[in-house]
Amino acid sequence: MQQRRDEILAKKAKLAELKRQRELRATQTNAGRLAAPTSGQKNDRKREIEDMIERLVGDSRPSSIAGAMSPGRRGSRPNSVLSGGELSAAENSEYTSPTNAHPGLAVPAQPQVLTTVPLQTIFECPPSPVKETFSYSKGVQTTDDWTPPASARPRAISELDDDDLNAPTSTPSKRMSRWGRGREEELRQNIRNEIEEELKAARDLVADGVLQSSSVAASNFPARALTSEELAAVTASDEFVDFVERSTKVIERALDMGNEYDILTDYSLQAHDIEDEDEQAGNTGGKGRRRVKEIVQFYDDRWSKKRMISSLDFSPKYPELVLASYTKNPSAPHDPDGIIQVWNQHLHDRPEFLFHAQSDILAAKFSPFHPNLIIGGTYSGQVLLWDTRAKTAPVQKTPLTGSGHSHPVYSVDIVGTQNANNIISVSTDGALCVWSVDMLSQPQESLTLTTPPPNKFEDLAPTTMAFPQADPTYFLVGSEEGPIYPCHRYDRAGAKAGVDSRVSYKGHAAPVVSVDFHPARGPVDLGDLILSSSLDWSVKLWKVRAPAATSTIVESAGTAIPPLLEFVREDVVYDAKWSPVRPGVFALVDGAGSLELWDITVETEIPVAKISPTPGKGGRQLLSKSLNKVAWETTDGKRLATGGIDAVVSLFEVGPDLGGKEAVRNDEWTSVKKLVARLEAISAGVIGVA
Amino acid sequence: MEEALHRLSKKPGVKAWLMLDRTNGAVLKTNGQIATVRPAKSSATANGNSSSSLPTPTGGSFSTDVQTNTNNETLAAQELASLVWSFLSSAGGLIDDIDSEDELKLLRLRTKKQEFVIVPEPKYLLVVIHDTPPA
């Protein structure tokens, strides 16, 4: 904008200089004419001049005579020389009038006499700043763009358009008189017309150019066939490899989506061909509105082979993306031990992204605060950060020695808010580290978790960790021994940082493998409900004490709180997760390879739906059915992913009574609340009796 | 890379694909039976050596047969490439004319029999020809 204003100023200055010189010249010629009074001479001279002008004008632009006749009406052609000429013509009509008035010089075509004269002097004048507004200076601005070769053509068009659009703003209308405004309108109209003409011409030119080049291409085609060396050079270039990567991804997405639904389907034709979409089609479980249907399975022959899935997470930003982390492939020592594949629901045969790690990845998840970042914890004790904009290697990693973890990290999380969040990791030796996302070279905070006093051993081996929605300073850890301990990150009233020694949740008889807080986004606060799964073949529902409340209750150390409810299964339960939208719904996966969906508002004894993923392509071996992890898609809670020992990620969709935000009724929340109250009463009664 | 291309060829319905240089239209890689999509029209003139230069591969002995076949394939690929390329430049011209800041990203050309999916990138372009789902 500044540059443009400068241009305009410079041009104005030029014009002013021009005007001054012309005035000077006019007086000079007048003086000359007065000095030579012979009319014959005058006529001769006039004819000479006219001839010259005829030649000049004819050469440069034939229509400029007509233009000079009505300088105000004509829109300036976007060419600086010509519009400069016109400009001077407009001015000239005034200055030449005294000459016209001179006796013996009455020729009607007089005004054009001087029109082209200033052309020669334009560029000699040094610019001097004079404030004057000329709307046709717009035409002048495009000059440079109209002269260069054809390659810049489209740019010139766009700039013209811009000028047209900007015209009202670039001329300060306040200073314009009404007449000036009218004139400007007229000019603008003219400019618009001309632009249209130019555009048309340009378009023709473009069309011609394309025709030419394409015909050239067609005719030259065999001649341009590359030699084998050239081909090899091109196909080996990084650029080409990148291109192949990107373009095939796009094509595969296009093809995979095309198979799901044909947008050109004509339902009025061939009605008998449409597949019967009844409830038995495909791999489904549950009935009616509580149906579970397998949508797609992800498996990559190269990378998924002989690995196990250690964690799953849906992208909070792109609900079609799901990440799976894998342990090492024992038969491929040269491949990276740990990998993460990010799968896309619309791209079936290959992962959208692939990330590597030096060691088995045991836990990974998308950062809820940045859609590009993925964090992971490894068997070696490293916490890694990958970026989907970068390559496969982690962009940051924690050190293996010193202040970091030196034991396997089975649980990582990011807590905090959009602007202040931290990575929290816990390893099986009880070390908890808090890291800044920007700097993983050393932990911001660290804490050692130990088993509270009544136990014989101090060592605590956390296998899982869970933060409530509301509080980033309080969390639960599930231990290998079975109890679940509440922990504080900082000292608070009545409790020291670390494991809270007053309360523990005892009920599991085997290592706890998952703890999940209720996501609680509804009319009733259920954020104190947790679900834990364990290798003792059960899932348990607990109500945790609020961290603030624990400090007020005066109780002897080591109060054990029993679970509210137990869901005893027929096999080890590896994972249990609350539905992100339904208050009473949760999903669990077990060692027998089944995914079960429960709704505690409906039934607390048996699952409402049960399904097993379709057996893998490669034929499973014994014990390869076991499912390790389950994850809900969080935005509308309709889809689930499961993964297990056979490294197949299976995606399921649940019916409207198990997922989806639309059909959630308020009474579901209240009935969960009532159930919890009833269970609490029962357990209190049991304790009272005992 | 080879893996990705191999998988692409193995996708159900994919008839052929070819990769071109965006700037000059030179064929970089091809796969599949391009001649079945569009037989080479100029094979008769270009194949001066073989007497039975028609695209029908039944005539002639085995060796020439193979040669005619490969020749036909390359010719067909080149012809198709030039057609695609000129189509792409006119499409690009259209986009450029509407908004010069804009850029062509994907072309899906659906016909009654098949679909062309063209991914134009700044330097190269990929064309995939595949069968449409039966409709």
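Under an unreviewed UniProt entry, the name given to chain B is Roadblock/LAMTOR2 domain-containing protein, and the source organism is Xylaria arbuscula. As stated in UniProt under Sequence similarities (unreviewed entry), the record for chain B gives "Belongs to the GAMAD family."

As recorded in an unreviewed UniProt entry, chain A goes by Cytoplasmic dynein 1 intermediate chain 2 and comes from Xylaria arbuscula.

S.K.: In this structure, what is going on with the sheet that holds strand S3 (residues 309-314) of chain A? I would like to understand it.
M.R.: One key point about sheets: their strands pair by backbone hydrogen bonds, in either a parallel or an antiparallel sense. All names here are of chain A. Taking strand neighbours across the sheet as the criterion, the four strands line up as S3-S4-S5-S6 in an open arrangement whose pairing is antiparallel. The two strands at the open ends of the sheet, each matched to only one other strand, are S3 and strand S6 (353-357). The sheet shows a mean angle of 15° between the axes of neighbouring strands, taken without regard to direction. Judged from the six bridges that link them, strand S4 (residues 321-326) and strand S5 (residues 338-344) form a sheet pairing that is antiparallel. Its bridge partner lying in S5, alanine 324 is registered against glutamine 341.

S.K.: Help me out: how do you make sense of the sheet that holds strand S4 (residues 114-120) of chain B in this one?
M.R.: Ordered by their spatial adjacency, five strands build an open sheet running S2-S1-S5-S4-S3 (chain B), and the pairing between neighbours is antiparallel. Only two strands of the sheet have a single neighbouring strand rather than two, namely strand S2 (27-32) and strand S3 (107-110) of chain B. Strand-to-strand, the axes of this sheet are offset by a mean angle of 10°, without reference to chain direction. Direction of pairing for strand S1 (residues 14-21) of chain B relative to strand S5 (residues 124-131) of chain B: antiparallel, over a ladder of seven bridges. Counted as the bridge partner of Met19(B) is Leu126(B) from S5(B). In the packing of helix H11 (residues 228-236) of chain A onto the sheet, contacts are made with S2 and S5 of chain B, and the angle to S2(B) comes to roughly 85°. Contacts from helix H1 (residues 2-10) of chain B reach S1, S2 and S5 of chain B within the one sheet, and its direction differs from that of S1(B) by about 140°.

S.K.: Help me out: how do you make sense of the interface of chain A and chain B in this one?
M.R.: One frequently used descriptor of interface size is the decrease in accessible area upon assembly of the parts. Listed per partner, the contact involves 36 residues of chain A and 37 residues of chain B. At the boundary of chain A with chain B, total buried surface from both sides reaches about 3500 Å², with 68% on carbon and sulfur atoms. The interface formed by chain A and chain B includes six salt bridges. For the salt bridge of Glu121(B) with Arg246(A), the shortest nitrogen-to-oxygen distance reads 2.4 Å. Along the contact surface separating chain A from chain B lie five residue pairs in polar contact (both at pLDDT 80 or more). For the side of chain A that touches chain B, the secondary structure elements donating two or more residues are helix H9 (153-170), helix H10 (178-220), H11 and helix H12 (238-260) of chain A. The dominant element in the side of chain A that touches chain B, judged by the number of residues it contributes, is H12(A), at 15 residues. In terms of residue class, the side of chain A that touches chain B is made up of 17 nonpolar, eight polar and eleven charged.

What counts, and at which threshold
Residues numbered from 1 in each chain as written. Chains lettered and ligands numbered in written order. Predicted model: local features only at pLDDT ≥ 70, side-chain atom pairs only at ≥ 80, totals over all residues. Heavy atoms only, no water. UniProt positions renumbered as here; feature names shortened; annotations may be inferred. Pairing = 2+ DSSP bridges. Helix = DSSP H or I, 4+ residues; strand = E, 2+ residues; numbered from the N terminus. Axes fitted to C-alpha atoms, helices over the stretch in contact; angles between N-to-C directions. Contact = heavy atoms within 4.5 Å. Buried area = accessible area lost by both parts, 1.4 Å probe. Salt bridge = Lys/Arg side-chain N within 4 Å of Asp/Glu carboxyl O. Polar contact = N/O pair within 3.5 Å; in protein donor to acceptor, adjacent residues only side chain to side chain. Nonpolar A, V, L, I, M, F, W, Y, C, P; charged D, E, K, R; others polar.

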